[in-house]
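Structural characterization, general
If you want the building blocks of each chain, they are given just below.
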Amino acid sequence: MKKKLAEIAHSRAGDKGNTLILSLIPFQEEDFDFLVKEVTAAKVKTHLSHQVKGEITRYVLPELKAIQFTCLDALAGGVTTSLAMDAHGKSLSYALLEMEVELDSGPSQ
Amino acid sequence: MKEKIRIGCGAGFSGDRIEPALILTEKGNLDYLVLECLAERTIALAQKRKQQDPNTGFDVLLERRMEGLLPLLLHHNTRLITNMGAANPLAGAQKILELAARKGLKVKVAVVLGDDVFDSISGNELSMEGNKPLHSYGQLVSANAYLGIDAILPALKTDAHIILTGRVADPSLFLAPMIHEFKWDEDDFKLMGKGTVIGHLLECAGQITGGYFADPVSKPIPNMHELGHPFVDVFWDGTGIISKVDGTGGAISIQNSKEQLLYEVIDPGNYFTPDVIADFQKVHFEEIGTDQIKVSGGTGKTRPETLKVSVGFQAGFIGEGEISYAGANASERARLAGEIIQKRIGHLYQEFRIDYIGMSSLHGEKLSSHSNPYEIRLRISGKSPDKTVAGLVGEEVEALYTNGPAGGGGARKYVHEVLGVVSILKNRYEIKSEIRLFES
């Protein structure tokens, strides 16, 4: 069964120039390992291919039970000169949360 | 020496709400209030205003914010630290003194100078973003270094009520009073890291009390219409308890704290400020009461030898035009309208973009392929060095009223000047800060 990330995790988007930063935090801490296994940098790169043109680095933070994706060349030049409606990319947290994951190995809920 | 100080944050960007800072100062029992009002581009825009009128260039809301705040700050003996000086802290200080004189109040303002390094830029420096010389981006309009605690501390040592800065790293606005009050050693990078974590969590004001977090389905937050801004009790050992004034809206939670900790952080193990390379990886949050989150576990490594300098440049003009279509075949008519404009003027622009608002303007076609909304707003934007050419975008969209698809309504057009920002690194020892004191 497939589920959207939005059902098991939350996210905040931040920008630094042309770099997009997306956190991914499970609602239930016990789902952290599942997210680490399923939501790889490569999968996020495929999911956000229309938006992220550069490399994605994933930071796994076991103490915080959070994951972070730092995405290069992701904001059409960055907030100061971009033609995009959402030049900061603030809404892109919800683009990440649209990603679907397979629930066989299952999160807790 | 104090064991605990309380710092509030009453604004997290230049356009932030005004009343949360008033509530914090009146009811928060604060030692310090921070107003963080400068983004990368804000200071370049301020620099342009200053070029046109040397008496401007400070934050455009400075006077409105200080109007209600100044008497409260003096009454409650709360010191204000703010970067509302923007491109012209000296003129900002004069504005505050004028306001104090009008109200019959006596106030001392310490101005922090030294971030403006425009005169020392040759244009040949290579940008961090593109590794290209600065002059290749366009005409340069500003260069402001991110100053740190070493620039703010001399101002705190005076008896000034208000410390007014230009470009200063946001967390330094919070770390400086901690060092000042607790007599921390600036080379104790663990403490610098802890203080930086707290500053980083607070600097966006409402983003730690539920703003930019709330989702009525998955992350509900109460009373968003009267969102309270945060304060933090910082203890001498670098732990902090983040809270807010009782009765204000919003909520402070561990979930929200995690989101804000990682916000705009490129590498959580290496967060660069002028004061420290901080490590956020082992930060720990504990809920010790309603809307009370204890923060510990931050640390740091060393102090960078360079400071980041934001350089503003003229990047031409962006023209925009919008028009809406609704009902049967709305998306097809919107697409036809987009094609018409593309064929007529698309070739005139360095960058040209067609968005379908309500369908694919935010995240492109891929994620929105299943949507079929009742109404679509076409938005076209184009960038040009020539203001007239940029303006043509809106004119052409408006002309779709009589020359385009059926039922196009509500056309709007805009043109604005674009200031780009790129960064360079500069040896910190080449950048000298100073303070000046003024009183009414």
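Residues numbered from 1 in each chain as written. Chains lettered and ligands numbered in written order. Predicted model: local features only at pLDDT ≥ 70, side-chain atom pairs only at ≥ 80, totals over all residues. Heavy atoms only, no water.

Some remarks on the nonpolar core
In a soluble, globular protein the nonpolar side chains are often hidden away together inside. Residues and elements named next belong to chain B. Applicable threshold: Nonpolar cores were defined as sets of buried Ala, Val, Leu, Ile, Met, Phe, Trp, Tyr and Cys residues, with membership established by side-chain atoms within 4.5 Å. Relative accessible area decides the class of each residue, using a 1.4 Å probe on protein chains only: under 20% of the type maximum gives buried, over 50% gives exposed, and in between gives partly exposed. By the convention used here, residues are in contact when the closest approach between their heavy atoms is within 4.5 Å.
Counting 72 residues, the largest nonpolar core has Ile7, Met178, Met192 and Leu201 as its most contacted members. Isoleucine 7 has contacts with Leu30, Tyr32, Val34, Phe174, Pro177, Met178, Leu202, Pro230, Phe231, Val232 and Val234, leaving out every residue within four places of it along the chain. In this structure, Ala11, Leu35, Ala93 and Val109 belong to the second largest nonpolar core, which totals 29 residues.

Describing the interface of chain B and chain A
Heads up, the rule is: The term salt bridge refers to a pairing of a side-chain nitrogen on Lys or Arg with a carboxyl oxygen on Asp or Glu at a separation within 4 Å. For this analysis, a polar contact is any N or O atom pair within 3.5 Å, provided that within protein one partner can donate a hydrogen and the other can accept it, and provided that sequence-adjacent residues contribute only side-chain to side-chain pairs. Strands are runs of DSSP state E lasting at least two residues, helices are runs of H or I lasting at least four, and both sets are numbered from the N terminus onward.
The interface is formed by 47 residues belonging to chain B together with 41 residues belonging to chain A. Summed over the shared surface of chain B and chain A, the result is 2 salt bridges. The partner of lysine 258 of chain B in a salt bridge is glutamate 29 of chain A, and the shortest N-O contact between them spans 3.2 Å. At the boundary of chain B and chain A, one finds 20 residue pairs in polar contact (both at pLDDT 80 or more). Of all the secondary structure elements, the ones that give two or more residues to the side of chain B that touches chain A are helix H8 (254-262), strand S14 (306-326), strand S15 (351-357), strand S16 (375-384) and strand S17 (409-427) of chain B. Broken down by element, the side of chain B that touches chain A gets its largest block of residues, 7 residues, from H8 of chain B.

Side note on the packing of helix H3 (residues 62-76) of chain B against helix H4 (residues 89-103) of chain B
Residues and elements named next belong to chain B. Note the following rule: Between the N-to-C directions of two axes lies an angle of 0 to 180 degrees, each axis being a line fitted to C-alpha atoms and, for a helix, fitted only over the stretch in contact. For classification purposes, angles smaller than 35 degrees are called roughly parallel, those larger than 145 roughly antiparallel, those between 65 and 115 roughly perpendicular, and all remaining angles oblique. The crossing is said to be left-handed when, going from far helix to near helix, the turn is anticlockwise and less than a right angle, and right-handed when the turn is clockwise.
Look at H3 against H4: their axes get within 10 Å of each other, and the N-to-C directions meet at 45 degrees. By the angle between their directions, the pair H3 and H4 is classed as oblique. Where H3 crosses over H4, the two elements pack in a sense that is right-handed. From H3, Leu62, Glu63, Met66, Glu67, Leu70 and Pro71 reach across to H4, where they touch Gly92, Lys95, Ile96, Leu99, Ala100, Arg102 and Lys103.

Side note on the environment of phenylalanine 189 of chain B
Residue and element names in this part refer to chain B. Assignment of secondary structure puts phenylalanine 189 in helix H7 (residues 189-202). Placed 179 residues apart in sequence, phenylalanine 189 and serine 368 show a C-alpha to C-alpha distance of 47 Å. Residues in contact with phenylalanine 189, not counting those within four places in the same chain, are Asp275, Val276, Thr299, Gly300, Lys301, Thr302 and Arg303.

What to know about the layout of surface pockets
What counts here: Think of a 1 Å grid over just the protein atoms. A cavity is a set of points where a 1.4 Å probe fits yet cannot get out, a pocket is an open set with protein on both sides within 12 Å along at least five of seven lines, and lining residues have an atom within 4 Å of a point. Grid points are joined across faces, edges and corners, and a volume is the space filled by probe spheres set on the points. Three classes are used: nonpolar for Ala, Val, Leu, Ile, Met, Phe, Trp, Tyr, Cys and Pro, charged for Asp, Glu, Lys and Arg, and polar for all others, with Gly counted as polar.
Put simply, the second largest pocket is a space of about 360 Å³. Looking at the second largest pocket, it is lined by 25 residues, and the ones nearest its centre are His50, Gln51, Ala76 and Ala84 of chain A together with Arg353 of chain B. Of the residues contributing to the lining of the second largest pocket, the split by class is 10 nonpolar, 9 polar and 6 charged.

Regarding empty space enclosed by the protein
Residues and elements named next belong to chain B. The full count for this structure, using the stated rule, is 1 cavity of 30 Å³ or more. What lines the largest cavity is Pro20, Ile23, Leu24, Leu227, Gly228, His229, Val245 and Thr248. For the lining of the largest cavity, the class distribution of residues is 5 nonpolar, 3 polar and no charged.

Looking at the sheet that holds strand S2 (residues 32-35) of chain B
All names here are of chain B. We count it as follows: DSSP calls a pair of strands paired once it identifies at least 2 bridges connecting them.
With mixed pairing, the 10 strands of this open sheet are ordered in space as S11-S12-S8-S7-S1-S2-S3-S6-S4-S18. The open sheet is flanked by strand S11 (284-289) and strand S18 (434-439), the only strands paired with a single partner. The mean inter-strand angle of the sheet, taken between neighbouring strand axes irrespective of direction, is 25 degrees. Two strands pair when backbone bridges link them, and strand S1 (residues 4-11) and strand S7 (residues 230-235) are joined in this way by 5 bridges, in the antiparallel orientation. Within S7, the residue paired with isoleucine 7 across the bridge is valine 232. Contacts between H4 and the sheet are confined to strand S4 (108-113), strand S6 (162-164) and S18, with S4 contributing the most and set at about 170 degrees to the helix. Contacts between H8 and the sheet are confined to S11 and strand S12 (292-296), with S11 contributing the most and set at about 145 degrees to the helix.

Some words on the packing of H7 of chain B against H8 of chain B
All names here are of chain B. Taken N-terminus to C-terminus, the directions of H7 and H8 make an angle of 105 degrees; their axes are 9 Å apart at the nearest point. When the interaxial angle is binned, H7 and H8 end up roughly perpendicular. Two secondary-structure elements touch here, H7 through Val197, His200 and Leu201 and H8 through Ser257, Gln260 and Leu261. Tallied by class, residues from the contact of H7 with H8 come to 3 nonpolar, 3 polar and no charged.

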